[in-house]
Amino acid sequence: MRTSNYKKIKFTKSAAKKTGLAVGVILLAGIIFFFSFFHVTHVEVMENTHYSKKELKKMILTGAFSSNSILAPITCSKAKVENVPYVESYSVSRSGRNSIVIGVKEKNVVGCIPYLDSYIYFDRNGKFIESSRTRDEDVPYFEGITVKKTVMNEKLPIKDAVLNTAVALSTIFAKNDMIPDYIELDEDYSINLIYGDITVKLGKDRYLEDKMNRTIAILPQITGEKGILHMENITESSKTVTFEKEEEEVTAENWTGGYDENGDYTGDGEYDENGKYVGAKPKTELDYAKENWIGGYDEEGDYTGSGEYDADLNYVGAEPTQELIDSFGDWKGGYNESGGFDGVSEYDRDGNYVGPMPDNAGSSGTDSTDSSDESESDNSDEDRDYSEDDSYSDESDGEYDGWDSGYSDESDYE
């Protein structure tokens with residue numbers, strides 16, 4: 001009997017072990033089947049302004065169970081957004097056996113302003129919601145809005161009038177994707193939009209929609225130019241727009257000529273490569289100095305062209321060189337009262353007294369001429385008037401009130 005009982009117990013333990021092994025195999029097979037059958041093969045990500053679909057997947061689908069369509073909605077927490085800028089919350093839901101959907105609720109960023117060595121971002125309520133050392137080019141950037149103190153998730157100390165303007169502009173930019181390089185807000189709340197070399201003056205926060213609609217239509221027509229687009233005077237009854245073009249002074253450095261009438265490059269031809277007449281090449285400072293150099297005589301008073309004396313046998317040194325002109329730095333002197341160049345006299349080539357050469361002469365300088373007065377008179381701004389259909393003209397005949405035909409070359413309208 002004792003032998004029989006021993007064999008029975010031994011048989012029972014062996015059966016239990018086999019049973020446990022079978023159950024383990026079944027469970028393992030079930031787990032493998034579960035993860036294989038519900039393995040995520042397709043992830044749909046709802047549209048997002050600041051992040052790509054790939055970036056959102058990487059940020060949200062974390063953890064060992066993120067590849068399972070049953071477990072991902074449970075394990076990928078909806079609250080882990082503290083370190084995800086511009087995202088208020090997100091959700092993960094199952095849309096099929098092997099598919100999940102990621103939905104993102106973005107923070108409503110209106111604009112950013114500089115603060116210390118960073119950029120701070122705020123929403124339509126003026127709440128400080130993000131901070132970054134790099135600027136997001138897709139968010140309107142405002143200059144002229146300054147704050148002395150900031151607290152995360154609290155309203156910035158911005159005047160309501162300024163905040164309302166920022167919100168209105170941000171809403172308009174979101175519709176047409178025409179965010180400027182930056183927005184200037186003056187002390188009197190006037191608005192300037194900076195698009196490269198073009199400044200759009202919107203004036204006060206009135207008729208912004210109308211002003212921006214016309215701005216968007218006109219900007220492509222003046223691409224590549226410099227100047228001010230005046231929108232300040234747009235009202236319900238006046239639609240007149242003026243472009244005040246900034247004329248760039250033509251110098252030897254930016255001169256586009258050099259081609260002859262046949263289109264061949266000669267180096268001194270008065271046409272550009274497109275056959276447009278651009279006139280003779282402007283003279284450089286060295287050209288003026290050589291042309292008016294009073295030297296060229298030898299010690300006997302004979303003109304040689306390279307002698308270092310003037311006609312009165314005053315020593316004036318060698319013929320001017322570019323190195324000599326560069327050594328003057330910003331000093332524009334070197335000419336005498338008669339317009340002759342000797343390198344030391346205290347007048348410029350236009351006869352203006354500029355004083356003696358400064359002590360720091362010889363430092364790096366430029367070859368630009370002292371012709372601010374000349375450029376103001378010779379290169380006056382060009383005004384262009386835009387009609388109701390947003391086309392413009394350089395003509396100056398007649399008057400224009402924004403609705404009837406005719407143009408005016410005046411920049412101010414009633």
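Here, residues in each chain are numbered from 1, in the same order as that chain's written sequence. For a predicted model such as this one, the threshold for reporting local features is a pLDDT of at least 70, and the threshold for listing and counting side-chain atom pairs is 80 or more; totals across whole chains, interfaces and linings nevertheless cover every residue. The side-chain figures draw on all heavy atoms in the structure; neither hydrogens nor water molecules are used.

An unreviewed UniProt entry annotates the chain as Cell division septal protein originating from Blautia intestinalis.

**Describing the pairing of strand β1 (residues 42-45)**
As a reminder, the rule being used: Think of it in three bands: with a 1.4 Å probe and only protein chains considered, a residue is buried below 20% of the maximum accessible area for its type, exposed above 50%, and partly exposed in between. Numbering of helices and strands runs from the N terminus; a helix is a DSSP stretch of H or I covering at least four residues, while a strand is a stretch of E covering at least two. When DSSP finds two or more bridges between a pair of strands, those strands are recorded as paired.
Every second residue of β1 is oriented toward a common face, the buried set being Val43 and Val45 and the non-buried set His42 and Glu44. Where β1 lies against strand β3 (residues 99-106), 4 bridges are found, and the strand directions are parallel. Across the sheet, Val43 pairs through a bridge with Ile100, a residue of β3.

**Remarks on empty space enclosed by the protein**
So the rule is basically this: Whether a set of points on the 1 Å grid over the protein atoms alone is a cavity depends on a 1.4 Å probe fitting there but being unable to get out, while an open set qualifies as a pocket with protein on both sides within 12 Å along at least five of seven lines; lining residues are those with an atom within 4 Å of a point. Grid points are joined across faces, edges and corners, and a volume is the space filled by probe spheres set on the points. Here the nonpolar group is Ala, Val, Leu, Ile, Met, Phe, Trp, Tyr, Cys and Pro; Asp, Glu, Lys and Arg are the charged ones; every other residue, Gly included, is treated as polar.
This model, assessed by the stated rule, comprises 4 cavities of 30 Å³ or more. Quantified by volume, the largest cavity comes out at close to 90 Å³. Its residues assigned to classes, the lining of the largest cavity shows 6 nonpolar, 3 polar and 2 charged.

**Examining the nonpolar core**
Selection rule: Nonpolar cores were defined as sets of buried Ala, Val, Leu, Ile, Met, Phe, Trp, Tyr and Cys residues, with membership established by side-chain atoms within 4.5 Å. Here, two residues are considered to be in contact whenever any of their heavy atoms come within 4.5 Å of each other.
Among the nonpolar cores identified, the biggest contains 36 residues, and Phe142, Leu193, Val200 and Leu202 are the most heavily contacted of them. Mapped by element, the contributors of at least two residues to this core are β4 (109-115), β5 (118-123), α4 (160-176), β8 (182-185), β9 (191-195), β10 (198-203), α5 (208-218) and β12 (241-245). Counting residues per element, this core draws most heavily on α4, which supplies 7 residues. Beyond its immediate stretch of four places on either side in the chain, Leu193 contacts Phe173, Pro180, Tyr182, Ile183, Ile198, Thr199, Val200, Leu202 and Met212. Listed in part, the 22 residues of the second largest apolar core include Val45, Ala72, Cys112 and Val139.

**Some words on the confidence of the model for the chain**
For clarity, the cut-off: For every residue, the predictor reports its confidence as pLDDT, a number between 0 and 100.
For the chain, the average pLDDT comes to 78, and 81% of its residues sit at 70 or higher. Low confidence marks residues 362-382, where pLDDT is under 50. Its contacts with residues over four positions away, or in another chain, come to 42 contacts. Across residues 387-414, where pLDDT falls below 50, the model places 65 contacts with residues more than four positions away in sequence or in other chains.

**Considering the pairing of β5**
In terms of burial, β5 is a largely internal element, 5 of the 6 residues being buried. In this sheet, β5 lies alongside β4 in antiparallel orientation, the contact comprising 6 bridges. Each residue of the ladder has a partner; that of Cys112, found in β5, is Tyr121. Between β4 and β5, which pair antiparallel one after the other, the connecting turn spans 2 residues, and Leu116 there sits at a positive phi close to 55 degrees. Examined bridge by bridge, β5 and strand β6 (residues 128-132) share 4 bridges and lie antiparallel to one another. Residue pairing across strands places Tyr119 opposite Ser132, the latter belonging to β6. Hairpin connection between β5 and β6: a loop of 4 residues separates the two successive antiparallel strands, and Gly126 in this loop has a positive phi of roughly 85 degrees.

**Points about the pattern of salt bridges**
As a reminder of what qualifies: Here, a salt bridge means any Lys or Arg side-chain nitrogen found within 4 Å of an Asp or Glu carboxyl oxygen.
Tallied over the entire structure, the rule returns 7 salt bridges. With its nearest N and O atoms 3.9 Å apart, the salt bridge here joins Lys155 to Asp160. When the shortest N-O distance is used, the salt bridge between Lys283 and Glu291 registers 2.6 Å. A relative accessible area of 52% places Glu291 in the exposed class.

**As for the environment of Ile216**
Secondary-structure assignment places Ile216 in helix α5. Residue Ile216 is classed as partly exposed on the basis of its relative accessible area of 23%. As a C-alpha pair, Ile216 and Asn176 span 40 residues in sequence and 8.2 Å in three-dimensional space. Other than its neighbours up to four places away in sequence, Ile216 contacts Asn176 and Met178.

**Comments concerning α5**
The periodicity of an α-helix, 3.6 residues per turn, causes residues three or four positions apart to be oriented the same way. Condition: The arc under discussion is defined with respect to the helix axis, by the directions toward the C-beta atoms.
Leu208, Lys211, Met212, Arg214, Thr215 and Ile218 are the residues of α5 that are buried. Down the axis of α5, the sector holding all buried residues measures 165 degrees, keeping them to one side.

**So, the packing of α4 against α5**
As a reminder of what qualifies: Only the contacting stretch of a helix is used when fitting its axis, a line to C-alpha atoms as for every element, and angles between N-to-C directions run 0 to 180 degrees. Crossing handedness follows the turn of the near helix against the far one: under a right angle anticlockwise gives a left-handed crossing, and clockwise gives a right-handed one.
The geometry of α4 relative to α5 is characterised by a closest axis approach of 11 Å and an angle of 35 degrees between their N-to-C directions. Where α4 crosses over α5, the handedness of that crossing is right-handed. For the pair α4 and α5, the contacting residues are Ala168, Leu169, Ile172, Phe173, Lys175 and Asn176 in the first and Leu208, Glu209, Met212 and Ile216 in the second. For the contact of α4 with α5, a count of residues per class yields 7 nonpolar, 1 polar and 2 charged.

**As for the sheet that holds strand β2 (residues 87-96)**
Pairing in this open sheet of 3 strands is mixed, and the strands run β1-β3-β2 from one edge to the other. At either end of the open sheet lies a strand with only one pairing partner, and these are β1 and β2. Strand-to-strand twist across the sheet, computed as the mean angle between neighbouring axes with direction ignored, equals 20 degrees. Here β2 runs beside β3; their pairing, made up of 8 bridges, is antiparallel. What sits directly across from Ser93, in β3, is Val101.

**Quick notes on the environment of Thr134**
Within the secondary structure, Thr134 sits in the loop between β6 and β7 (142-143). Looking at Thr134, the relative accessible area reads 55%, which means it is exposed. For the pair Thr134 and Ile120, spaced 14 residues apart in sequence, the C-alpha separation works out to 9.8 Å. Not counting residues within four places of it along the chain, the set of residues in contact with Thr134 comprises Tyr119 and Tyr121.

**Examining the environment of Ala168**
Following the sequence through the fold, Ala168 ends up in helix α4. It is 8.0 Å that separates the C-alpha atoms of Ala168 and Leu208, two residues lying 40 residues apart in sequence.

**Thoughts on the sheet that holds β4**
Overall, antiparallel pairing links the 3 strands, which are arranged β4-β5-β6 in an open sheet. Bordering the open sheet on either side are β4 and β6, each of which pairs with just one other strand. Neighbouring strand axes in the sheet, compared pairwise and without regard to direction, differ in orientation by 25 degrees on average. In the packing of α4 onto the sheet, contacts are made with β4 and β5, and the angle to β4 comes to roughly 125 degrees.

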